[in-house]
Amino acid sequence: MPTVLVVGATRGIGLEFVRQYAADGARVIATFRRPQDAEVLRALGARALPLDALDPDSIAALGQQLDGQPIDVALLVAGVGGPNTTELAPPSREQFDEVMRTNVLAPMQLIPLLAQGLESAQGKLAAISSRRGSIGLATDTNSWLYRASKAALNSVVKTASIHLGARGVVCMALSPGWVRTDMGGPSARLDVRDSVTALRRVIAAANRSHNGRFLQHTGEQLEW
Ligand SMILES: NC(=O)c1ccc[n+]([C@@H]2O[C@H](COP(=O)([O-])OP(=O)(O)OC[C@H]3O[C@@H](n4cnc5c(N)ncnc54)[C@H](OP(=O)(O)O)[C@@H]3O)[C@@H](O)[C@H]2O)c1
């Protein structure tokens, strides 16, 4: 029975990962912020652990709870979209801090805590990035703070892949497509079930040759 950690498991893509992996019989560890969300995760069969990605002490506490246990799949899903800007509207300092701390700093604090568990399981780390994080594919100016955060996250994953790849871990940045969630909105093209089913297929098929890659939910390799 594989162990799957879902960081940011209470809504949208993270919650659907919990549903699908739990339904498949995986041992799922899922993080929450609000106590009422823990009940939902437990009802799905997951072990629920608290985590606020904006709080380094909370991240350290999660590391202690996990205590280096083998992790076959670690999914870094927690993220925020930040302001819906167009053109070059500057973000406030508060907006910058919230987006960059959630989407970039938290993964940089979490990955080292997960390294031992991932190495002992020879596991896979998937950070949920976005096609909007691709510098090479950028064609519009919407939400430039979010784009910057996901481009930075991609760099974090690439660097982690060099370190952890040498220890047998596969690290990937994955784009889920445009998904109907609170963040994606009601007009998004993909149902969350379809996106997560496709992402799980990409994760299951990944081997060492996929370490350090940026992949779409379809499996297509994306330009950084
Ligand atoms: N939806 C899309 O179209 C789309 C496209 C590309 C990439 N993505 C990426 O996919 C990931 C999931 O997106 P989604 O659409 O499922 O978003 P969502 O429905 O808004 O859910 C966001 C999740 O992140 C958690 N989260 C946010 N800030 C957190 C914090 N400080 N500490 C702990 N958890 C926190 C939320 O927890 P709470 O419930 O506690 O707030 C929630 O579980 C994000 O990284 C997003 O950037 C989404």
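Up top is the structure.
For clarity, every value in this text was computed on a predicted model and none was experimentally measured.

**Observations regarding helix H3 (residues 56-66)**
So, point 1. Turning to H3, its buried residues are Ser58, Ile59, Leu62, Gly63 and Leu66. The arc enclosing the buried residues of H3, seen along the axis, measures out at 145°, which places them on a common side. Turned more than 90 degrees from where H3 packs its buried face, Asp57 and Gln64 sit exposed.
So, point 2. Residues of H3 that are buried in the fold lie against strand E1 (3-7), strand E2 (27-32), strand E3 (47-50) and helix H4 (93-121).
So, point 3. Where H3 begins, the capping side chain belongs to Asp55, and its oxygen is found 2.9 Å from the backbone nitrogen of Asp57.
So, point 4. Of the residues flanking the end of H3, it is Asp67, one or two places downstream, whose phi is positive at about 50°.

**What about the packing of aromatic side chains?**
So, point 1. Counted by the stated rule, this structure contains two aromatic pairs.
So, point 2. Ring geometry for Phe17 against Tyr21: centres 6.1 Å apart, planes inclined by 15°, an arrangement best described as stacked. Of this pair, Phe17 and Tyr21 both sit in helix H1 (residues 12-23), four residues apart, roughly one helical turn. One exposure class covers both Phe17 and Tyr21, and it is buried.
So, point 3. Note on Phe214 and Trp224: the rings are 5.4 Å apart at their centroids and 20° apart in plane angle, and the pair reads as stacked. In this pair, Phe214 is assigned in strand E7 (residues 213-216) and Trp224 in the segment after E7, connecting sequence segments ten residues apart.
So, point 4. Judged by relative accessible area, which is 33%, Trp224 ranks as partly exposed.

Conventions and cut-offs
- Residues numbered from 1 in each chain as written.
- Predicted model: local features only at pLDDT ≥ 70, side-chain atom pairs only at ≥ 80, totals over all residues.
- Heavy atoms only, no water.
- Buried < 20%, exposed > 50% of the residue type's maximum accessible area, 1.4 Å probe, protein only.
- Helix = DSSP H or I, 4+ residues; strand = E, 2+ residues; numbered from the N terminus.
- Arc of directions from axis to C-beta.
- Contact = heavy atoms within 4.5 Å.
- Polar contact = N/O pair within 3.5 Å; in protein donor to acceptor, adjacent residues only side chain to side chain.
- Phe/Tyr/Trp six-rings, centres within 6.5 Å; stacked < 30°, edge-to-face > 60°.

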